[in-house]
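In case you want the letters, here they are:
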There are 2 protein chains.
Amino acid sequence: MSAETFVKGKTIELRKKHIGPSCKIFFSHDPIKIVKAKGQYMYDEKGRRYLDCINNVAHVGHCHPDVVKAGAQQMELLNTNSRFLHDNLVLYAQRLQATLPDKLSVCYFVNSGSEANDLALRLAWQYSGHKDVITLENAYHGHVSSLIAISPYKFIQLSDTEQIQSVHVIAAFIAESLQSCGGQVIPPPGYFQQVAQHVRQAGGVFIADEVQVGFGRVGTHFWAFQLQGEDFVPDIVTMGKPIGNGHPMSCVVTTKEVAESFMASGIEYFNTFGGNPVSCAIGMAVLDVLEKEDLQGNALRVGRYLTGLLEEQKEKHPLVGDIRCQGLFAGVELVKDRLKLTPATAEAQEVIYRLKEQCILLSADGPHRNVLKLKPPMCFTKEDADLLVGKLDHILTELEEALGLKFHNALSVENESSKRKPTDENGRQHLGGLAHGGGSSQEDPQIAKRIRS
Amino acid sequence: MSAETFVKGKTIELRKKHIGPSCKIFFSHDPIKIVKAKGQYMYDEKGRRYLDCINNVAHVGHCHPDVVKAGAQQMELLNTNSRFLHDNLVLYAQRLQATLPDKLSVCYFVNSGSEANDLALRLAWQYSGHKDVITLENAYHGHVSSLIAISPYKFIQLSDTEQIQSVHVIAAFIAESLQSCGGQVIPPPGYFQQVAQHVRQAGGVFIADEVQVGFGRVGTHFWAFQLQGEDFVPDIVTMGKPIGNGHPMSCVVTTKEVAESFMASGIEYFNTFGGNPVSCAIGMAVLDVLEKEDLQGNALRVGRYLTGLLEEQKEKHPLVGDIRCQGLFAGVELVKDRLKLTPATAEAQEVIYRLKEQCILLSADGPHRNVLKLKPPMCFTKEDADLLVGKLDHILTELEEALGLKFHNALSVENESSKRKPTDENGRQHLGGLAHGGGSSQEDPQIAKRIRS
Ligand SMILES: Cc1ncc(COP(=O)(O)O)c(C=O)c1O
Ligand SMILES: Cc1ncc(COP(=O)(O)O)c(C=O)c1O
C-alpha cells in the first residue's frame, strides 16, 4: 500500500460519507493526514514532521522495530484463540504479573480498554453480589454501554432521566490511578487506601484503571497506583492503550478470590481475539523494549526536566494556572484569571492550533477542556521538551499580549492554591483542583466538542 | 520467539496459575498445544498436523502470507488512531460498503464482535428512544455486560433475578443471520422481512449479527442476511471474527439516519484501536484474498459437496438427526432417538474427542451441545471433506454398535421433521429445530461446560 492513495480533500470527503459522524477527528477545521511515524515523530503526506505529544498508545515509540518484528513473526507462525495452549499466553501473563503485587495473579486478556473495564465490572458484580458503582467526577472509562453509564465525562451530556441515579450498596469503586480525561489530576498519596477501606467494608472491590497511565509512564513506578504507597493493592487492575504500542489488546488482572467467584457463576468467559499469540508476542516485545531502553527511567528524567520547564512557564505566564506532572504525564491548566480560576477554554484551543502549525501535537482535556495534556511516546527527549516549551512560551506571550493579561493581575497565587482542594464531609477530597468551577459541560457548548485520545 | 518455550505440562500449570479460570480450553482433559498453522491445518508441539474445522476466524486460511505481509508492512509504517486522516480507513470502509446494500453506508470500526454488538445496541437505543431488545432463544452476541443481558445462551445460566425481565417498547431486534452458537440454525427465507416489519412499526431497528457467518462463508452470498432475499436490508450489520483473519478488529455498518441520530446525542464515539491503519490494511488484504482465490465460490462448491456427504451419513446413521448446511457453515445434529429427538450430548462429545485423536478438530454447540459444528477456514477442500466425513462415518458406526442403535429404531423421520418448527401465537417461528427439547441448561450439568469458538 502506497503511503497516499487519495488527495487529502478526497480522504476527507470519503470519511464524511463512510465513517460514523460521532467519530471525531483532531483539528477538525483542518485535519492532519498522517502517513507514517517513527519514535516520537509523525509525518504528514507532504513529509512535514510533527512532534507527537499526544499518543501515549505508541508507548515505546511509533513503529518500534522490535515490536513490529515480534508481531510480524508471530503473525506468520500462528494467530489463534486462547482455547488452545500457547506459551506466549502464559509467558506474557507471568511477565505482567512480575510487575504487580503478588496478590494480583490472575489475568484475562481482552482487546481494548473498554473491554477490560467492562470485564472488571462483571468481576466486581459477581464477587460483591451488588451492582452499584462509585465513580469519580469527570471520569472516563470507555465506550461500551456499561462504561458510559459510569463515565461522567460522557454521561453528563445525557438527560437526567438517562443517567443512572441510584447509589445504594456498592459493588465497586473505579478510578484511574491518575485522572487523565478528567484533567490530568493526581490524587494525594494515601487517598486510595482510605477509599479502599470504605469500599471493602461495604463488600465492594477497588478497580484501578491504568489504561492511560500504566507501563512506566509516571516514571517513579511501573503502575500509577503504586504512587499511593507500597501498602496499596487494588483488587482489579485494568490495562490498555500502551500495552501493545498500538496493537488492539488489553488485560484485566485480579486476585484469585475475585477470579474464583467469577468462575462460580458458571458462565464461561470467551473473547475471540483476547490473548492470541500475536497480541502476546507484541505485549512481550513492548516490555522488552521498556527494559532494554530504560524508558521508565527516561520518563522520570525527562518528566522532571519538563516539569521544571513548565514551572518556569507558570512563574512567567498568568494564563498558566496549575502544572500537574508525573513522569511523562503532564497537565498544564490554563486560566483567564488566577483569582476566579475561570477556565481559559478558548485560549487552550488557540494554543493547540498554533502548536499544530508549528508541527507540535498536543490535546486539551478536563471538564472545561482547558488543560493541555502531554503524554508523548516514552522515548520523548529533553530536546523535545525544550522545543515544545519554547514554542509554548512564545504562543502564551502573544496570547497574553493580545488579551492584555499581565502577571500582576493575579493576586496571591499561593493562598489561592490552598483553597483549591476542598474536602467534603466524607473526608473525600475533591480531586479536580482548578477544574472544579462548578459549571457543568452543558453550560459550555465548547465542551461537547471535547477531543480526547 | 521459539515455537515452544515450556514443556506442555508447564504450560498447563502456568495457565492454571495466571489465566482466569472462566477462560475455557478445548479438550480440557487433554488440551492441545498448537505452535503453528497454515491454511486449514494446525500443528502441535510434536509436529502433528490437525485438520481445523473450527476456526472460522482464520477465514482465508491460517497465516495467509498476503494478510501477514499487509499487516507487517503497515505496522512498520504507521499504526495510530482514527483521529487523524488516513486513506486505509476510508478505502476499507468503501470496500466494505461495496459488498452491502447502498443504504448501509456508514461504518464504525471497533475491535471485537462484542464491541460491535454493544455499539449496535447504543445506536438502536439512541435512534428508537427505547431500551428493550428482542433476542432469539439460545442466541449469543458477545461477552460485554450489555450483551450477556441479551444472550440467552449465556444468561440462562444466571438466576431469575439477574435476568432482564421486561419486554415493553422495542428498541431493536437482534439476531444472527444464521444462528451459530444456538446450533447452526437457518431461518426460513422471508422470516427477517416479517420481523423487520413488526420491529420497525414499533419504532425499533433490525440488527443482523454477521460476526460468525459473514464474508462469503454461506457460499451463495457475501452476507448471510442476503439469503433472506434481495428486498431485505437490516438497519445495522455487525461484523467480526473472520474480518481480519485473526487480527482483533470488527465493524458496525448502519444507515445515515441511524448514524445521524447517534450523532445528535452529542456524545463522541472514540475507540482507541478501532479503524487503525494496520487493522484496515489487514481487512483489505482479507477482501483481496477472498476475491483472488474465489473463496466464496470455494465455500459454495465444497459446501455443497460436504452437504452431500453429510446427507449420506444421515441416511446411514440413526445418530444423525438433522443436517443443516449453508456453504462452509454446517451443523450435524446428533440424537439418541429420532422419534423423541433426545439430544445425544455425550455422543457428540465422544465424536469430538475421537476426531481429535485422529487429528481433526471440530466443536459441538447448540443448547444441548449435541450439534457438531463445522466452520473451517474458507480454503477447505473436497479432500478435507472426504477425510473428515470418512472418519466421522467410522466413529458413528462404532458408537452405534456400542449403543445397539440400528436404523429401524427411527420411525417416520419425515413426519417428525414437519413438527420441528412450531409457530407461536405471534406468528414467530421457533428456529431451534430439533434443538428445542424444552430443557434448560440448568437441567444438564454438561451444558455449563459448553465450549464455543
Ligand atoms: C482511562 C481510560 N479507560 C478506558 C478507556 C477505553 O479504552 P479503549 O478506547 O481502548 O476502549 C480509555 C480511552 O480513552 C481511557 O482513557
Ligand atoms: C454471533 C456472535 N456475535 C458476537 C460474538 C462476540 O465476538 P467477540 O468474541 O469477538 O467479542 C460472537 C463470539 O463468539 C458470536 O459468535
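Just so it is clear, the model here is predicted, and its values are computed rather than measured.

Chemist: Now, about unusual backbone geometry: what can you tell me, with residues and values included?
Modeler: Residues and elements named next belong to chain A. Even without a glycine there, the phi angle at C63 is positive, about 50°. With respect to the helices, strands and loops of the structure, C63 is situated in the loop between β3 (49-52) and α2 (65-77). Judged by relative accessible area, which is 8%, C63 ranks as buried. Positive phi, normally seen in glycine, also occurs at R369, with a value near 55°.

Chemist: Can you lay out the interface of chain B and chain A for me, pointing to particular residues and giving the numbers?
Modeler: On the chain A side, the residues contacting the 106 residues of chain B number 106 residues. Our enumeration of links across chain B and chain A arrives at two salt bridges. Between K33 of chain B and D87 of chain A there is a salt bridge, and its shortest N-O distance comes to 2.9 Å. The tally of links from chain B across to chain A stands at 44 residue pairs in polar contact (both at pLDDT 80 or more). Classifying every residue of the side of chain B that touches chain A gives 52 nonpolar, 34 polar and 20 charged.

Chemist: Would you mind going over the site of ligand 2 in detail, with residue names and values included?
Modeler: The full set close to ligand 2 counts 16 residues, and T272 of chain A together with G113, S114, D209 and Q212 of chain B are the nearest of them. With respect to ligand 2, its neighbouring residues span chains A and B. G113 of chain B places a main-chain nitrogen or oxygen 2.9 Å from an oxygen atom of ligand 2. Taking S114 of chain B, its side chain carries an N or O atom lying 2.6 Å from an oxygen atom of ligand 2. When ligand 2 sits alone it has 390 Å² of accessible area, and the protein chains cover 100% of it. For the shell around ligand 2, the leading source of residues is helix α4 (residues 113-128) of chain B, giving three residues.

Chemist: If you had to explain the relation of the copies chain B and chain A to someone new, which residues and values would you point to?
Modeler: Laying chain B over chain A is done by rotating through 180° and shifting 0.0 Å along the axis; what remains is an RMSD of 0.0 Å. These values place the two chain copies in the arrangement generated by a two-fold rotation axis. Residue A72 of chain B, judged by its C-alpha, is the member of chain B lying nearest the rotation axis, at 2.6 Å. Same-surface contact between copies: 99% of interface residues of chain B are shared with the interface of chain A.

Chemist: Please give an account of the packing of aromatic side chains that cites residues and values.
Modeler: Within the structure shown, the criterion is met by 30 aromatic pairs over all chains. Between the aromatic rings of F215 of chain A and W223 of chain A, the centroid separation amounts to 4.8 Å while the plane-to-plane angle is 65°, which identifies the pairing as edge-to-face. Each of the two residues, F215 of chain A as well as W223 of chain A, counts as buried. When the ring of F173 of chain B is compared with that of F206 of chain B, the centres are 5.0 Å apart and the planes differ by 45°; the resulting orientation is tilted. You can see F173 of chain B sitting in strand β6 (residues 170-176) and its partner F206 of chain B sitting in strand β7 (residues 205-209), a full 33 residues away along the chain. On the accessibility criterion, F173 of chain B (2% relative accessible area) is buried. Through a chain of ring-to-ring contacts, the aromatic side chains of F173, Y191, F192, F206, F225 and F232 of chain A assemble into a single cluster. The lysine or arginine in question, R83 of chain B, covers the ring of F270 of chain B, its NZ or CZ lying 3.9 Å from the ring centre.

Chemist: So, the side chain of E210 of chain A: which residues are in play, and what are the values?
Modeler: Residues and elements named next belong to chain A. Here E210 is to be found in the loop between β7 (205-209) and β8 (236-239). No salt bridge forms around the buried E210; measuring N to O, its nearest opposite-charge neighbour R217 is 9.4 Å away. Residues in contact with E210, not counting those within four places in the same chain, are S177, W223, A224, F225, V237, T238 and M239.

Chemist: Tell me what's going on with the sheet that holds strand β6 (residues 170-176) of chain A, and back it up with residues and numbers.
Modeler: All names here are of chain A. Reading across the sheet, the six strands line up as β4-β9-β8-β7-β6-β5 and stay open at both edges, with mixed pairing between neighbours. Of all strands in the sheet, those with a lone pairing partner are β4 (106-110) and β5 (132-135), marking the two edges. Averaged over all adjacent pairs, the angle separating strand axes in this sheet is 20°, with direction ignored. Across four bridges, β5 lies against β6 in parallel orientation. For D132, the partnering residue across the bridge sits in β6 and is I170. Against the sheet, helix α4 (residues 113-128) contacts β4, β5, β6, β7, β8 and β9 (250-254), and its axis sits at roughly 165° relative to β8.

Chemist: Would you mind going over the state of the cysteines in detail, with residue names and values included?
Modeler: By the definition in use, this model includes zero disulfides over all chains. Between C53 of chain A, a cysteine without a disulfide, and C379 of chain A, which holds the nearest cysteine sulfur, the sulfur-to-sulfur distance is 11 Å. Taking relative accessible area as the criterion, C53 of chain A reaches 0% and is therefore assigned buried. Of the cysteine sulfurs around C325 of chain B, a residue in no disulfide, the closest is that of C53 of chain B, at 12 Å.

Chemist: Describe the sheet that holds strand β5 (residues 132-135) of chain B, listing the residues and the values that go with them.
Modeler: Residues and elements named next belong to chain B. The mixed open sheet is built from six strands, whose spatial order is β4-β9-β8-β7-β6-β5. A single partner strand is all that each edge strand has here, and the edge strands are β4 (106-110) and β5. Taken pair by pair, the neighbouring strands of this sheet meet at an average axis angle of 20°, ignoring direction. The pairing of β7 with strand β8 (residues 236-239) spans three bridges and is parallel. Residue pairing for β8: A208 is matched across the bridge by V237.

Chemist: Could you give an account of the packing of helix α3 (residues 87-98) of chain B against helix α9 (residues 277-292) of chain B, naming the residues involved and the relevant values?
Modeler: Each pair of packed helices can be described by the angle between their axes along with the distance between the axes. Residue and element names in this part refer to chain B. Two numbers describe how α3 lies on α9: the axes approach to 9 Å, and their chain directions differ by 35°. Every pair of crossing elements has a handedness; the one defined by α3 and α9 is left-handed. Taking contact as the criterion, the partners of N88, L89, L91, Y92, R95 and L96 in α3 are, on α9, P277, C280, A281, G283, M284, L287, D288 and E291.

Chemist: Which residues make up the domain arrangement of chain A, and what values do they have?
Modeler: All names here are of chain A. For chain A, the domain assignment lists domain 1 (8-60 + 295-448) and domain 2 (65-292). Counting the surface lost from both domain 1 and domain 2, the interface buries some 3,300 Å², and carbon and sulfur atoms represent 56% of this. The tally of links between domain 1 and domain 2 comes to zero salt bridges. Along the contact surface separating domain 1 from domain 2 lie nine residue pairs in polar contact (both at pLDDT 80 or more). Elements with a minimum of two residues in the side of domain 1 that touches domain 2: α10 (295-316), β10 (320-326), β11 (329-337) and β15 (371-374). If one sorts the elements of the side of domain 1 that touches domain 2 by residue count, α10 sits on top with five residues. A breakdown of the residues in the side of domain 1 that touches domain 2 according to their chemical character gives 17 nonpolar, 13 polar and six charged.

Chemist: So, helix α10 (residues 295-316) of chain B: which residues are in play, and what are the values?
Modeler: Residue and element names in this part refer to chain B. Between its terminal C-alpha atoms α10 stretches 31 Å, which fits the 32 Å expected from 22 residues at 1.5 Å a residue. Every buried residue of α10 is listed here: L295, G297, N298, A299, V302, G303, L306, L309, L310, Q313 and K314. Buried residues along α10 sit against α9, β10 (320-326), β11 (329-337), β15 (371-374) and α12 (382-403).

Chemist: So, the pairing of β7 of chain A: which residues are in play, and what are the values?
Modeler: Residues and elements named next belong to chain A. Counting buried residues in β7 gives five out of five residues, a clear majority hidden from the surface. By the bridge criterion, five bridges tie β6 to β7 in an arrangement that is parallel. Note that in β7 the partner of A175 across the bridge is A208.

Chemist: Lay out α4 of chain B in plain terms, naming residues and giving numbers.
Modeler: In an α-helix, one turn spans 3.6 residues; hence positions three or four apart end up facing the same way. Residue and element names in this part refer to chain B. End to end, α4 covers 22 Å across 16 residues, agreeing with the expected 22 Å (1.5 Å per residue, within 8%). Most of α4 sits out of view: 14 of its 16 residues are buried. Two residues or fewer after α4 comes G129, characterised by a positive phi angle close to 75°.

Chemist: Could you give an account of the pattern of salt bridges, naming the residues involved and the relevant values?
Modeler: With the rule as written, the count across this model stands at 38 salt bridges over all chains. As a salt-bridge pair, E268 of chain B and R83 of chain B come within 2.7 Å of each other at their nearest N and O atoms. You can see E268 of chain B sitting in the loop between α8 (256-263) and α9 and its partner R83 of chain B sitting in the loop between α2 (65-77) and α3, a full 185 residues away along the chain. Comparing E268 of chain B with R83 of chain B shows no difference in burial state: the two are buried. When the shortest N-O distance is used, the salt bridge between R95 of chain B and E291 of chain B registers 3.9 Å. On the criterion of sequence distance, the pair formed by R95 of chain B in helix α3 and E291 of chain B in helix α9 is long-range, its members being 196 residues apart. When its relative accessible area of 24% is taken as the criterion, R95 of chain B is described as partly exposed. Looking at E291 of chain B, the relative accessible area reads 61%, which means it is exposed. Among the charged side chains, a salt-bridge network with shared partners connects E4 and K33 of chain A together with D87 of chain B.

Here is what the cut-offs are and how they apply
- Residues numbered from 1 in each chain as written.
- Chains lettered and ligands numbered in written order.
- Predicted model: local features only at pLDDT ≥ 70, side-chain atom pairs only at ≥ 80, totals over all residues.
- Heavy atoms only, no water.
- Helix = DSSP H or I, 4+ residues; strand = E, 2+ residues; numbered from the N terminus.
- Buried < 20%, exposed > 50% of the residue type's maximum accessible area, 1.4 Å probe, protein only.
- Contact = heavy atoms within 4.5 Å.
- Salt bridge = Lys/Arg side-chain N within 4 Å of Asp/Glu carboxyl O.
- Polar contact = N/O pair within 3.5 Å; in protein donor to acceptor, adjacent residues only side chain to side chain.
- Nonpolar A, V, L, I, M, F, W, Y, C, P; charged D, E, K, R; others polar.
- Near = heavy atom within 4 Å.
- Areas by Shrake-Rupley, 256 points an atom, 1.4 Å probe, with all protein chains shown as cover.
- Least-squares fit on C-alpha atoms with pLDDT ≥ 70 in both.
- Phe/Tyr/Trp six-rings, centres within 6.5 Å; stacked < 30°, edge-to-face > 60°.
- Lys NZ or Arg CZ within 6 Å of the ring centre and 35° of its normal.
- Lys, Arg positive; Asp, Glu negative; His and termini not counted.
- Pairing = 2+ DSSP bridges.
- Axes fitted to C-alpha atoms, helices over the stretch in contact; angles between N-to-C directions.
- Disulfide = S-S within 2.5 Å.
- Left-handed = near helix turned anticlockwise from the far one by under 90°.
- Domains from an automatic or database assignment.
- Buried area = accessible area lost by both parts, 1.4 Å probe.
- Expected span 1.5 Å × (residues − 1).

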